[in-house]
Structure formats: C-alpha cells, structure tokens
Amino acid sequence: MTCPRCTAGLPAVAHFCQACGLDLRSGDGSRRRSFAVKPDEPVTSFALISTIMPRGAGQHPQTYRIALTIGLVVALIAAIFGALPIALLVAAFTVPLVYIVYLYDVNLWDDQPVKVTAAAFALTGLLAALFTWGWLQVVPPAGLVGGPQPVTLLIVGVAVPIVAHVLIQLGPVYLASRPRFDDLMDGLTFGIVSGVAYSTFDTLVRHGAALFGGFVADSDPGTWVALVFLEGMVKPLLYGTAAGIAAAEFSGLGRGYDGFTGRYARGLAEAIFATIVYQSGAYLLSYLPGFQGVALTLLLGLAILAVLILRVRVVLHTALIEAALESAARGDAAIGADGSLAFCTSCEMPLLAGAAFCNACGTAQRTRPRPSGVGRPVEAPRTAAEPVPVTSGSPGPVTRENPIGPATTNEGDQS
Ligand SMILES: [Zn+2]
Ligand SMILES: [Zn+2]
C-alpha cells in the first residue's frame, strides 16, 4: 500500500500518511478537520492552548489551562475585594508566567532557556515601558477630556500600534535570524513572548497610578472585573498572537529564516491592523460610562482575538503540512531515520523510520517537545540529552556530540 499523494510506503493499518500527513480514510489532503498539532481538533477552532503552545500540545494542555484559570481567578477576586494593585499585578503577569512555565516544560531552546526567554521578554518589556510612558506624556489619558479628539485618535489608535509592533518585532527578528532558532515554531514563540511582554508593560505603565499611587478614577467592582479580564487575558493574547503571526512568517518554512519577505510584510500588516482596530475601538469606547466602555472593549478584544487565533492555526497547520510535503518530495529523513525506535508523544504508538506524522493519530512530529527530540532514542536516559557544560554556551550551528545532535540538525533538514 502506498500513499496516493507522496507514494510513501504505508503500513496497512495507517490512518495518516507518515510522510505527508494525508488523511488516508477521507483522502483529505488539506486536513481541515484535523489540526496537524492536535488532530482531534479541527483547524478552524478557538482552542487556545494548542494554538499558542503547539509543542507537546497533546501531552498536558490541562496544566496550562488550569494555571491560566487560577491566575485570572486570583486577579478577579482581588478586584472584587478592591485590592486593585494586586489584581492588576497578578493579571499583568499571569499569561507571561504561564508561558515561561510552558517554555521550560517543553524544553524549547534546551541550552539556555533562561537567557533566551529573559532576553526576548525583558528587551520588549523595557522598550514598551519607555515608549508607553513617553506617549502618555504627550497624549491626555483617554476618557478624561470632554470627548474623543481626532488627533488623539490618530496617535493612540494608529501611530502607537504601528510603533508598538516595530518595537515588538526587534527581539524576535534578531533571535529568529540566529541559526539555532530559525524554525517556524521558534519564530512563532518569540513573537508571542514579545507581544505578551509589550502588553504586560503597557498595562503596568498605563495603570501606574492605580498600582503605585492608589488613585482610581471610577472603582466599581464590575468595571474592574472586566478590566482585569481585558488586561490580564485578552490584551496579552491579542498582542501575542498578532506578533506571533508576523514572526512566524519571518522564520518561514525552509532551512534558515525567510527574512523580510512579502509574507512577512503581510503578517506584520495583519498584526498592526488588528491592533489598530483594537486600540482605536478602546479609545472611542473609553468615552462611554465606566462599566459599559470596558465591557464593550472586552467584547471587541475577544472578537479580534478569535480572528487572530484562527489565523495562527491556519499558518501553523499549513506550515506543518507543506514542510512535510516538501521534505517528502526531497526525500529528506526525519524522525528515527537512524533506525532508532521512536514513539508518538500524543498516542504513544511506535513511529515508522523517518515519520513526519504519526500513522495512527496524525500528529505532526515536528511539534514534539525537545527533550525527547526528533530522532533521539526514547530509551536514552534524560541526562544524555542535556548538553555538557562545555558545549552549552557555544553559539552557532548545532554541533553537540550527544544523541540529540543528529536530531536537531534533522529538524533543520526536514523543514
Ligand atoms: Zn503521503
Ligand atoms: Zn500518534
């Protein structure tokens, strides 16, 4: 039995082609109903975790969902009881903290996760804080002057989002152009980290008065509950997914990074456009009385976030399927090509040598967490994957002499 699309030899029981990911039962090549990251979800779904945390999505999505929920509940309770500084702080740092836990969990950038994550987060955070502080000196705080001003709308709603996304892209573009971080999923992750960092520090500076001075303009609990949900969940994810789309297009599919292509320009334009719609809307709605304004901004943010989540999923899914087709056409080896036995991280079925997809469940194996990296024998003790201290600091292409070595190079090859 061979695959009708890529002519790979298939086991008789296969549900998905291991080389190109074709769904053999429905003959559906684009697989719109089974997301390559998590095949039991359709591509068009609002499932958040498998979208922004694609690596190891089949393993413990529940952990991150629970952590996010706990953070928000703590912030909401603090808001209800009037402890606004605590509510704001917890809300601002919930998404970044959960995301950092995820990065450790899947051992992304296993050599130096602290350095890379901190660099991406801190650089954007610092730029965001300075920039937000700067433009707040020029523009009067929304909602305090008589009515919406066209000039202020242009500054707050259009100019600020454009500069914001330029600042957000600096870190991801620098990191994604390093040889060891040029994978599409690295780009997506850097973009999300950077976008979330911007949103966090934007929140801290904008609400600096409530945080440090105890000054609160109108403090009915309903408004604050909506505000906590908006600033703690919707805004960071909106900025994160928007920036992630652009940064993923910068990394692109193939070996190395694609750089400043038309696709990147389009991704960046989408990110800026989504943010312009959100910030202009938020500015205009801030002239509605207290709760009404915040609640409508929250709805607007949720609607934009929903569109962005769908975009990220389509970008990821298409990239995974296209990358596999490309490497199948080139005859590149992928997982287990060295003859080692590897298992699907989602359904634990054994993988065929060179599989880009699991035959049984269709999960793209490129989304595996790094510790049990592509091609590394599953039986190998965990310590074998940890680089020895001498090599861990060395920059440049991956030349580590341990079982994960061929793996990481493979990942570049299969793209
Ligand atoms: Zn195939
Ligand atoms: Zn599987």
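None of the values given here were measured: they were computed from a predicted structure.

**Student:** Looking at this model, I keep getting lost on the coordination of the zinc ion (ligand 1). Mind explaining?
**Tutor:** When four donors bind a metal tetrahedrally, each ideal donor-metal-donor angle is 109.5 degrees, and when six bind octahedrally, the ideal angles are 90 or 180 degrees. At this site the zinc ion (ligand 1) is bound by Cys3 (SG), Cys6 (SG), Cys17 (SG) and Cys20 (SG), with donor distances of 2.2 to 2.3 Å. Bound by four donor atoms, the zinc ion (ligand 1) shows angles of 103 to 112° at the metal and therefore tetrahedral coordination geometry. Along the chain, the residues that donate to the zinc ion (ligand 1) are spaced as C-x2-C-x10-C-x2-C. Cys17 gets classed as buried once you look at its relative accessible area, which sits at 0%.

**Student:** Could you clarify how one ought to interpret the coordination of the zinc ion (ligand 2) in this entry?
**Tutor:** Coordination of the zinc ion (ligand 2) by the protein comes from Cys344 (SG), Cys347 (SG), Cys358 (SG) and Cys361 (SG), over a distance range of 2.2 to 2.3 Å. Because the angles between the four donor atoms bound to the zinc ion (ligand 2) fall within 101 to 114°, the donor set is best described as tetrahedral. Sequence spacing of the donor residues for the zinc ion (ligand 2), all on one chain, is C-x2-C-x10-C-x2-C. Residue Cys344 is found in the loop between α10 (290-330) and α11 (382-385), and its partner Cys361 is found in the loop between α10 and α11; the two are separated by 17 residues along the sequence. A single burial state applies to Cys344 and to Cys361, both of which are buried.

**Student:** Explain a nonpolar patch on the surface here, please?
**Tutor:** A surface patch of nonpolar side chains, about 410 Å² in accessible area, is lined by Val73, Ile77, Ile80 and Phe81. Mapped onto the fold, Phe81 is located in the loop between α2 (61-80) and α3 (84-105). Phe81 gets classed as exposed once you look at its relative accessible area, which sits at 68%.

**Student:** Just to check I follow, could you spell out unusual backbone geometry for this structure?
**Tutor:** Working note: non-glycine residues mostly have negative phi, and peptide bonds are mostly trans. For Thr7, which is not a glycine, the phi torsion comes out positive at approximately 60°. A residue is classified by how much of its surface remains accessible, and Thr7, at 59% relative accessible area, is exposed. At Glu348, a residue that is not glycine, the phi angle is positive and equals roughly 65°. Locating Glu348 in the fold gives a position in the loop between α10 and α11. Judged by its relative accessible area of 62%, Glu348 falls in the exposed class.

**Student:** I tried to follow the packing of helix α5 (residues 150-176) against helix α9 (residues 262-285) on my own but got confused; where do I start?
**Tutor:** Axis angle and axis distance: for two packed helices, these are the angle between their axes and the distance between the axes, and together they describe the pair. Look at α5 against α9: their axes get within 8 Å of each other, and the N-to-C directions meet at 140°. Judged on the interaxial angle alone, α9 and α5 are oblique. α9 is crossed by α5, and the crossing has right-handed handedness. Residue-level contacts link Thr152, Leu153, Val156, Gly157, Val158, Pro161, Ile162, His165, Gln169 and Val173 of α5 to Tyr264, Leu268, Ala271, Ile272, Thr275, Ile276, Gln279, Ser280, Tyr283 and Leu284 of α9. Of the residues assigned to the contact of α5 with α9, the class counts are 13 nonpolar, seven polar and no charged.

**Student:** How should I be thinking about the environment of Gly71 in this particular structure?
**Tutor:** Looking at where Gly71 falls in the secondary structure, it is placed in helix α2. Separated by 20 residues in sequence, Gly71 and Ala91 have C-alpha atoms that sit 6.9 Å apart. When residues no more than four places from it in sequence are discounted, the contact partners of Gly71 are Val90 and Thr94.

Each value, and the rule that gives it
Residues numbered from 1 in each chain as written. Chains lettered and ligands numbered in written order. Predicted model: local features only at pLDDT ≥ 70, side-chain atom pairs only at ≥ 80, totals over all residues. Heavy atoms only, no water. Donors = N, O, S within 2.8 Å, 3.2 Å for Na, K, Ca; no water. Tetrahedral: all angles 85-135°; square planar, octahedral: opposite > 155°, others 65-115°. Buried < 20%, exposed > 50% of the residue type's maximum accessible area, 1.4 Å probe, protein only. Helix = DSSP H or I, 4+ residues; strand = E, 2+ residues; numbered from the N terminus. Patch = residues over 30% accessible without salt bridge, like charges linked within 9 Å, V, L, I, M, F, W, Y side chains within 5 Å. Areas by Shrake-Rupley, 256 points an atom, 1.4 Å probe, with all protein chains shown as cover. Salt bridge = Lys/Arg side-chain N within 4 Å of Asp/Glu carboxyl O. Axes fitted to C-alpha atoms, helices over the stretch in contact; angles between N-to-C directions. Parallel < 35°, antiparallel > 145°, perpendicular 65-115°, else oblique. Left-handed = near helix turned anticlockwise from the far one by under 90°. Contact = heavy atoms within 4.5 Å. Nonpolar A, V, L, I, M, F, W, Y, C, P; charged D, E, K, R; others polar.

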